[in-house]
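# Per-entry structural report
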Amino acid sequence: MKVTLKIQGTLLDFMRADLDRHHEFAYERVGFMLAAATQTASGLMLLVQDYHPVADDDYEQSQTVGAQIGSDAMRKAIQAAYRPSRALLHVHTHHGRGTPGFSGVDLRSADEFVPSFFNPIPKMPHGLIVLSDDSAAGKLWLGANGQQTAISKFIRVGAPYRRAWASR
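Given the structure is predicted, the values throughout are model-derived calculations rather than measurements. (Residues numbered from 1 in each chain as written. Predicted model: local features only at pLDDT ≥ 70, side-chain atom pairs only at ≥ 80, totals over all residues. Heavy atoms only, no water.)

### Re the overall build of the chain
What the chain contains, in helices and strands, is 3 helices and 11 strands. For the chain, the N- to C-terminal ordering of α and β elements is β-α-β-β-β-β-α-β-α-β-β-β-β-β. For the chain, the C-alpha radius of gyration of 15 Å lies close to 15 Å, the compact-globule estimate for 168 residues. Taken across its 168 residues, the chain has 48% of its residues classed as buried. With an accessible surface of roughly 8,300 Å², the chain has 50% of that area assigned to carbon and sulfur atoms. (Helix = DSSP H or I, 4+ residues; strand = E, 2+ residues; numbered from the N terminus. Rg over C-alpha atoms; globule rule 2.2 N^0.38 Å. Buried < 20%, exposed > 50% of the residue type's maximum accessible area, 1.4 Å probe, protein only. Areas by Shrake-Rupley, 256 points an atom, 1.4 Å probe, with all protein chains shown as cover.)

### Details of the packing of aromatic side chains
This structure, assessed with the given rule, holds 3 aromatic pairs. Note on F14 and Y51: the rings are 6.1 Å apart at their centroids and 75 degrees apart in plane angle, and the pair reads as edge-to-face. Placement of the pair is F14 in helix α1 (residues 9-19) and Y51 in strand β3 (residues 43-53), with a sequence separation of 37 residues. The buried category is assigned to Y51, whose relative accessible area is 5%. Where F32 meets F117, the ring centres are 6.3 Å apart and the plane angle is 70 degrees; that geometry is what we call edge-to-face. Taken together, the residues span a long stretch of sequence, with F32 in strand β2 (residues 30-40) and F117 in the loop between α3 (104-113) and β7 (126-131) at a distance of 85 residues. Assigned by exposure class, F32 and F117 land together as buried. Members of the aromatic cluster, connected to one another through ring pairs, are F32, F113 and F117. (Phe/Tyr/Trp six-rings, centres within 6.5 Å; stacked < 30°, edge-to-face > 60°.)

This is the structure:
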């Protein structure tokens, strides 16, 4: 299945700036994109409508990962996506240039937490996005059964328009 994600350029810029902010003890920041999902002739279209940053107090100290967030952060993100029902996409950055890759920690932790998004929001896809400074990669779970697919195209809408600023 071909999956395309579209995001307003101003929202993408805001999200990147938020993810670049310094935190007292976390080495990186994370947040959540909230997106509408619609079936198209060529596959699935995700239209990012909002960005939900993780609050400073919702990070937990960890010696094993760059950023660890607690259950309050997950609960707040799920509540934000609950009504109206929207896809919930965990997002963080690895910086650098070109299409980023997911770390082993990214993939293992997403396999644990993304399926839990289907309990309160069962009819929407959910996933994981990693950004570089000029690109992105995404993984989408299509249902609670664990079926997954890559996000194949990312489109920034607005000036400057960039078609497929990333694909993997």
